[in-house]
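# Architecture and fold: a report
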Amino acid sequence: MKKRQLPYQTVILVCGGDKCSDRKSKKLFNRLEDELDKRRLGDSINVVRTECMGKCDDGPNVVISPGATWVCGAKPKDAKKILDELLDSGVASDPSEI
Ligand code: FES
């Protein structure tokens, strides 16, 4: 076993399980990726689709790490807001402001 530092400052997990997918989690995932590209944040924030997170009734579910913050019932239109709040919280930084 080998421990390594994460290559990303922040990881956004988007549930890709059946129930969350039925509620447009794939579109949310795509919008998050588009928004990261637009903001040139792809080197510090990684967005990943997962299997079912086990909280289907609350979905679509998003978990932000570090901090393990759950965002439940997220819609594709929430992608910008999720990233805005992430940047405001200081968990991730906007490279254009460095
Ligand atoms: S399908 Fe997303 S939590 Fe189960």
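Here the structure is shown first, and the text comes after it.
Description of the structure in this document. (Residues numbered from 1 in each chain as written. Predicted model: local features only at pLDDT ≥ 70, side-chain atom pairs only at ≥ 80, totals over all residues.)

## Observations regarding unusual backbone geometry
As a rule of thumb, non-glycine residues mostly have phi less than zero, and peptide bonds are mostly trans rather than cis. Spelled out, the test is: Think of it this way: any DSSP run of H or I at least four residues long counts as a helix, any run of E at least two long counts as a strand, and we number them from the N terminus.
Geometrically, the link from Gly59 to Pro60 is a cis peptide bond, its omega value of -5 degrees lying close to zero. Structurally, Pro60 is set in the loop between β2 (45-50) and β3 (61-65). Residues Ser65 and Pro66 are joined by a peptide bond in cis, for which omega reads 10 degrees. Its identity is not glycine, yet Lys24 carries a phi of approximately 70 degrees, on the positive side. Tracing the backbone through its elements, the reader meets Lys24 in the loop between α1 (18-22) and α2 (25-38). Its identity is not glycine, yet Ala68 carries a phi of approximately 50 degrees, on the positive side.

## A look at the sheet that holds strand β1 (residues 10-15)
Spelled out, the test is: In this scheme, strands are said to pair when DSSP sees at least two bridges between them. Note on geometry: axes are lines fitted to C-alpha atoms, helical ones only across the stretch in contact, with angles between N-to-C directions running from 0 to 180 degrees.
What the four strands build is an open sheet, ordered β2-β1-β3-β4; its pairing is mixed. For this open sheet the edge positions go to β2 and β4 (69-72), each flanked by a neighbour on one side alone. Adjacent strand axes in the sheet meet at a mean angle of 20 degrees, parallel and antiparallel pairs treated alike.

## Section: the nonpolar core
Short version of the rule: What makes a nonpolar core is a set of buried Ala, Val, Leu, Ile, Met, Phe, Trp, Tyr and Cys residues, with links drawn between C-beta atoms within 7 Å. Field definition: a residue is buried when 20 or more other C-beta atoms are found within 10 Å of its C-beta, exposed when 12 or fewer are, and partly exposed for counts in between, with C-beta atoms placed from the backbone.
Among the nonpolar cores identified, the biggest contains 19 residues, and Ile12, Val14, Leu28, Leu32, Val47, Val62 and Ile82 are the most heavily contacted of them. For this core, the elements supplying multiple residues, two or more each, are β1, α2, β2, β3 and α3 (79-89).

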